[in-house]
Amino acid sequence: MARKSIIKIKPRKYKVGDIVKVDFIVIHPMETGMRKDKKTGKIKPLHYINEVKFYFNDELFTTILPWETVSTNPYFSINMKVTGPGVIKVVYKDNLGEVNEKSKRVRPKG
Amino acid sequence: MQRRTFLQGVGALPLVPILAGSLLAEAPKKPKSKNAISFQKALEVITNGKGAKASDRVKLIVPEIAENGAVVPVKVNVELPIERVRSIHILTTKNSNARSADVFLTPRNGRPYFATRIKLSQSQDVVAVAVLDNGEALMASKPVKVTIGGCG
């Protein structure tokens, strides 16, 4: 199942050599395995993202290992040094084996 | 005589269900998290048993009072060159799983910075640990007051 995710680069205009913020948001329930379903009374099973990898031109530069204590629809923000044009690719997995990815082009100006 | 015993009996009756009720209320325990780990143990694993030193080089930004424990923004800045910082870890002292996120950085990051949003089950301390390239660990912690819990 494809999940909705966003990659944002801040600020929107940047040059080669700048350090930019890379924000990543994904729509995910992040169940703790401790909550009850109000309708059925059953405990909702543990379901969370456990690995997020950031690639720039297929070179891994950051690994985040989140736990279920990260909020619903997780948001992660890191810094990145712009060395030239390229593509940021984010690959994320959850504990049920679901793997998805999202890409964003990096276009420095000037 | 009969009247007295009857009254005593009536007086004693309501006590029994109250007692039983309080015992029953404690019985159904909350389900334990599969990843449950205490704060002390998590810190030991991250620092290889060496423990972390409190340092003002690690800047942790959290709200003092969180109205909703399900969404608490956490921001960490480490005032050291990126080449020296290997990883940043976010921990909590009282959540059933003390770990929140482990971030492994490389020189391409430019600056050791990480931000996310976490859940807090109750008022507790949020701790940021930065592990350096020589194995040293620096730590900063801040208390957060929570009015509505978000973990379980």
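Residues numbered from 1 in each chain as written. Chains lettered and ligands numbered in written order. Predicted model: local features only at pLDDT ≥ 70, side-chain atom pairs only at ≥ 80, totals over all residues. Heavy atoms only, no water.

Draft legend 1. Quick look at helix 3 (residues 39–47) of chain B. Residues and elements named next belong to chain B. Those residues of helix 3 lying buried are Phe39, Ala42, Leu43, Ile46 and Thr47. End-on view of helix 3: buried residues confined to an arc of 120 degrees, all on one side of the axis. Opposite the packed face of helix 3, turned more than 90 degrees from it, sit the exposed residues Gln40, Lys41 and Val45. Buried residues belonging to helix 3 abut strand 5 (85–92), strand 6 (99–104), strand 8 (124–132) and strand 9 (137–146). Positive backbone phi, approximately 60 degrees, marks Asn48, located one or two places after helix 3. (Buried < 20%, exposed > 50% of the residue type's maximum accessible area, 1.4 Å probe, protein only. Helix = DSSP H or I, 4+ residues; strand = E, 2+ residues; numbered from the N terminus. Arc of directions from axis to C-beta. Contact = heavy atoms within 4.5 Å.)

Draft legend 2. Geometry of unusual backbone geometry. All names here are of chain A. The linkage connecting Lys10 with the following residue, Pro11, adopts the cis geometry, with an omega of -5 degrees. By secondary structure assignment, the location of Pro11 is in the loop between strand 1 (5–10) and strand 2 (19–26). One non-glycine residue, Asn57, lies in the positive phi region at around 50 degrees. Tracing the backbone shows Asn57 in the loop between strand 3 (49–56) and strand 4 (59–66). Unlike most non-glycine residues, Asn73 shows phi in positive territory, near 50 degrees. Tracing the backbone through its elements, the reader meets Asn73 in the loop between strand 4 and strand 5 (75–81). Residue Asn73 is classed as partly exposed on the basis of its relative accessible area, which comes to 28%.

Draft legend 3. Expanded view of the sheet that holds strand 5 of chain A. Reading across from one edge, 1(A)-2(A)-5(A)-7(B)-4(B)-2(B) is the order of the six strands in this open sheet, with antiparallel pairing throughout. Taken across any chain shown, the strands that pair with only one partner, and hence form the sheet edges, are strand 1 of chain A together with strand 2 (58–61) of chain B. Averaged over all pairs of adjacent strands, the angle between their axes in this sheet comes to 15 degrees, without regard to strand direction. (Pairing = 2+ DSSP bridges. Axes fitted to C-alpha atoms, helices over the stretch in contact; angles between N-to-C directions.)

Draft legend 4. Layout of the side chain of Thr47(B). Structurally, Thr47(B) is set in helix 3. Residues in contact with Thr47(B), not counting those within four places in the same chain, are Ala52(B), Val129(B) and Ala137(B).

Draft legend 5. Structural context of the interface of chain B and chain A. Contact residues are listed per partner, giving 31 residues for chain B and 33 residues for chain A. When the two sides are added together, the surface that chain B and chain A hide from each other amounts to roughly 3,000 Å², 51% of it contributed by carbon and sulfur. On inspection of chain B and its partner chain A, the count reaches one salt bridge. Taken together, the links from chain B to chain A amount to 25 residue pairs in polar contact (both at pLDDT 80 or more). Residues that form the side of chain B that touches chain A fall into these classes: 13 nonpolar, 11 polar and seven charged. Pairing geometry for strand 5 of chain A and strand 7 (residues 113–118) of chain B, over three bridges, is antiparallel. Its bridge partner being in strand 7 of chain B, Ser77(A) is matched across the sheet by Ala115(B). (Buried area = accessible area lost by both parts, 1.4 Å probe. Salt bridge = Lys/Arg side-chain N within 4 Å of Asp/Glu carboxyl O. Polar contact = N/O pair within 3.5 Å; in protein donor to acceptor, adjacent residues only side chain to side chain. Nonpolar A, V, L, I, M, F, W, Y, C, P; charged D, E, K, R; others polar.)

Draft legend 6. Molecular detail of the packing of aromatic side chains. Under the definition given, this model contains five aromatic pairs over all chains. A ring pair is formed by Phe76(A) and Phe114(B), whose centres lie 6.3 Å apart and whose planes are at 20 degrees; its orientation type is stacked. Linking Phe76(A) in strand 5 with Phe114(B) in strand 7, this pair reaches from one chain into another. Take Phe76(A) and Phe114(B): they sit in the same class, and that class is buried. Through a chain of ring-to-ring contacts, three or more aromatic side chains come together here, namely Phe24(A), Phe54(A), Phe61(A) and Tyr92(A). In this structure, Arg99(B) packs its charged tip against the face of Trp67(A), placed 3.7 Å from the ring centre. (Phe/Tyr/Trp six-rings, centres within 6.5 Å; stacked < 30°, edge-to-face > 60°. Lys NZ or Arg CZ within 6 Å of the ring centre and 35° of its normal.)

Draft legend 7. Representation of the pattern of salt bridges within the structure. For the coordinates displayed, the defined rule picks out eight salt bridges over all chains. Members of the salt-bridge network, linked through shared partners, are Glu31(A), Arg35(A) and Lys44(A).

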